[in-house]
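In case you want the letters, here they are:
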Amino acid sequence: MDNAITTNMLVEVKPKKGNNALFVWLGLGLVFWVFIYYFLKRAADFISFNVLGLSPSSHLGGSVSFFLYDAPKVLMLLVLVVFGIGIIRSFFTPERTRGLLAGKKETIGNIMAASLGIVTPFCSCSACPLFIGFVEAGIPFGVTLSFLIASPMINEVALVLLYGMFGWKVALLYIGTGLVIAISAGWIIGRLKLERFIEDWVLERRNGAGVAVSDLTGMTFENRVRYGLRAVRDIVGKVWPYLLGGIAIGAVIHGYVPNGVLASFMGKGAWWSVPLAVIIGVPIYSNAAGVIPVVQALLEKGAALGTVLAFMMAVVGLSLPEVIILRRVLKWQLLAVFIGVVAVGIIITGYLFNAVL
Amino acid sequence: MNIKILGPGCINCLALGKKVREVVQDLGIEAEIEKLTDMRQIMQYPILSTPGLVINEKLVSSGRLPSKDEIKEFIVAAKA
């Protein structure tokens, strides 16, 4: 293991502050955060109704107070959770995950792969190298798929937003069903023995894994904090316009669309709304930040929770760009089965939620 | 010096290319910079997660976008 490479990969070279300064600021930041969060609703209402003079029962009053409360609330939650998950992720790399999964049989492998998919930092465009690398390490095909399904579908931004808007039960349900879909879809496709539909040049590589760049396990805690902060800057920095846009749309729906309007075609009664939502959602790619605020507003107006969650998972979990990239390593028959199994899993989940909640 | 940037063309790989070009310009060194988007070519290197940075045929970074300072360090280390 080359130490120069290891340490170089850890952290941006910044002028050395003392460790203490960083942790002090961190502590202060957290205290400040809790304080502001606690008073958010009151502040939002105060500004909307007392300062701006809007009426709580008016359309505009409803929309504005919704926006003023929701936007900072969601942003704050996002910052906290992305930071926390960033720190967790600093303990995991694709290389390490591969090491953990190599040699595991199916079922156990599927469960581990799906769980690791949540905590391993991974961008959808890496689907190919990762797929190939896992194949080379002898990881069963279905297990690799469980990872590839779980990773985009269980998204920390979506998690935060669901928690912030619907509470921890819905958030847990989201993680739980995401895992179940990833594990079972991967397992099922593994059982179908479709390896012959992997592109030949990939299969030819099954001759031992190359030595990948060393993993980041040597990080100090301070480095992990910096990694987390950088994740916040990258993710929140990229996502906040979509977030505000989504919340704004949600605010308008909240204030102006009459209650119950959506119940007719997105409500529990319309059985075809779940598959329809998934079919529409699959080709769309949006990051979770933009979709969920709209989801919340739709729910308020009578759409069924299962339908709306299914839509969200279809949008976030399967994306056209990712499918196009996977086409380089999977033949179209396998790709179709992949999309099909995941889509069916999401549809079943949608029905389940509608029936149960 | 030969520098290769590995990636199928997503935002991160493009950003990496841009940063590398800027660093090379700042340092004023002679470097051939190539962009590999073909998966077969990319997989010649032991990479698991794109974007990847290869200097003189050695993979120095993968799976993330290093800062310009880090890229500078990689290049300086490779020259030594």
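Before any of the text, the structure's been laid out above.
Described in the following lines is the structure provided in the data block.

Cut-offs used in this document
Residues numbered from 1 in each chain as written. Chains lettered and ligands numbered in written order. Predicted model: local features only at pLDDT ≥ 70, side-chain atom pairs only at ≥ 80, totals over all residues. Helix = DSSP H or I, 4+ residues; strand = E, 2+ residues; numbered from the N terminus. Contact = placed C-beta atoms within 7 Å. Core = buried A, V, L, I, M, F, W, Y, C linked by C-beta atoms within 7 Å. Buried ≥ 20, exposed ≤ 12 C-beta atoms within 10 Å, placed from the backbone. Pairing = 2+ DSSP bridges. Axes fitted to C-alpha atoms, helices over the stretch in contact; angles between N-to-C directions. Parallel < 35°, antiparallel > 145°, perpendicular 65-115°, else oblique. Left-handed = near helix turned anticlockwise from the far one by under 90°. Arc of directions from axis to C-beta. Expected span 1.5 Å × (residues − 1). Bend = angle between axes of the 7 residues up to and from the residue.

1. With respect to the overall build of chain A
Piece 1. Helix and strand counts for chain A stand at 17 helices and zero strands.
Piece 2. Pairs at least 24 apart in sequence give 87% of the contacts found in chain A among residues at least 6 apart.

2. A few points about the interface of chain B and chain A
Piece 1. At the interface, 24 residues of chain B touch 28 residues of chain A.
Piece 2. Secondary-structure elements contributing two or more residues to the side of chain B that touches chain A are α2 (39-42), β4 (58-62) and α3 (68-79) of chain B.
Piece 3. A per-element tally of the side of chain B that touches chain A places α3(B) first, with five residues.

3. Examining the nonpolar core
Residues and elements named next belong to chain A.
Piece 1. Counting residues in each nonpolar core, the largest one holds 117 residues, and the members touching the most others are Ala158, Leu161, Val278, Ile292, Ala310, Met312 and Ala314.
Piece 2. By residue number, the principal contributor to this core is helix α3 (residues 59-89), which donates 11 residues.
Piece 3. The contacts of isoleucine 292, once residues within four sequence positions are left out, are Ala158, Leu161, Leu162, Met165, Gly246 and Met312.

4. Some details on the pairing of strand β3 (residues 52-55) of chain B
All names here are of chain B.
Piece 1. Across the two faces of β3 the burial is the same, with Gly52 and Val54 and Leu53 and Ile55 all buried.
Piece 2. As paired elements, strand β1 (residues 2-6) and β3 share four bridges and run antiparallel to each other. In the strand pairing of β3, lysine 4 is matched with valine 54.
Piece 3. Bridge count between β3 and β4: four bridges; the pairing is antiparallel. Bridge assignment links glycine 52 to a residue of β4, and that residue is serine 62.
Piece 4. Between β3 and β4, which pair antiparallel in sequence order, lie two residues; one of them, asparagine 56, sits at a positive phi of approximately 50°.

5. Side note on unusual backbone geometry
Piece 1. The step from B:Thr50 to B:Pro51 runs through a cis peptide bond, and the omega angle for that step is 0°.
Piece 2. Mapping B:Pro51 onto the fold places it in the loop between α2 and β3.
Piece 3. Even without being glycine, A:Thr107 reaches a positive phi, approximately 70°.
Piece 4. For A:Thr107, the location among the structural elements is in the loop between α4 (94-101) and α5 (108-119).
Piece 5. With 15 C-beta atoms counted inside 10 Å, the residue A:Thr107 sits in the partly exposed group.
Piece 6. Positioned with a positive phi, B:Glu57 is a non-glycine residue whose angle comes to about 70°.
Piece 7. Here B:Glu57 shows up in the loop between β3 and β4.
Piece 8. Given 9 C-beta atoms within a 10 Å radius, B:Glu57 is considered exposed.

6. Observations regarding the packing of helix α1 (residues 11-27) of chain B against α3(B)
All names here are of chain B.
Piece 1. The interhelical angle for the contact between α1 and α3, taken along N-to-C directions, is 60°, at an axis separation of 10 Å. By the angle between their directions, the pair α1 and α3 is classed as oblique. Two packed elements cross with a definite hand, and for α1 against α3 that hand is right-handed. Contact residues: α1 offers Lys19, Val20, Glu22, Val23 and Leu27, while α3 offers Lys68, Ile71, Lys72 and Ile75.

7. A word on helix α13 (residues 273-281) of chain A
Piece 1. For α13(A), the complete set of buried residues consists of A:Ser273, A:Val274, A:Ala277, A:Val278 and A:Gly281. Projected onto a plane normal to the axis of α13(A), the buried residues spread over an arc of 135° and lie on a single side.

8. Observations regarding the packing of α5(A) against helix α7 (residues 141-153) of chain A
All names here are of chain A.
Piece 1. Closest axis-to-axis distance for the α5/α7 pair is 7 Å, and the angle between their directions is 30°. One way to sum up the angle between α5 and α7 is to call them roughly parallel. As α5 packs across α7, the resulting crossing turns out to be right-handed. Between α5, through Gly109, Asn110, Ala113, Ala114, Leu116, Gly117 and Ile118, and α7, the contact on the second element is made entirely by Gly142, Val143, Thr144, Ser146, Phe147, Ala150 and Ser151.

9. Let's talk about helix α11 (residues 221-256) of chain A
Piece 1. Compared with an ideal rise of 1.5 Å per residue, which puts 36 residues at 52 Å, α11(A) spans 48 Å between its outermost C-alpha atoms and is within 8% of the ideal.
Piece 2. The largest bend along α11(A) measures about 45° and falls at A:Trp240, with the proline A:Pro241 one to four residues further on.

10. Some thoughts on the sheet that holds β3(B)
All names here are of chain B.
Piece 1. Pairing in this open sheet of four strands is mixed, and the strands run β2-β1-β3-β4 from one edge to the other. Sheet topology places β2 (32-36) and β4 at the edges, where each strand pairs with a single neighbour. Along the sheet, successive strands turn relative to each other by an average axial angle of 20°, direction set aside.
Piece 2. The strands that α1 touches are β1, β2 and β3; relative to β1, the one it contacts most, it runs at about 160°.
Piece 3. Against the sheet, α3 touches β3 and β4, its axis set at about 25° to β3.

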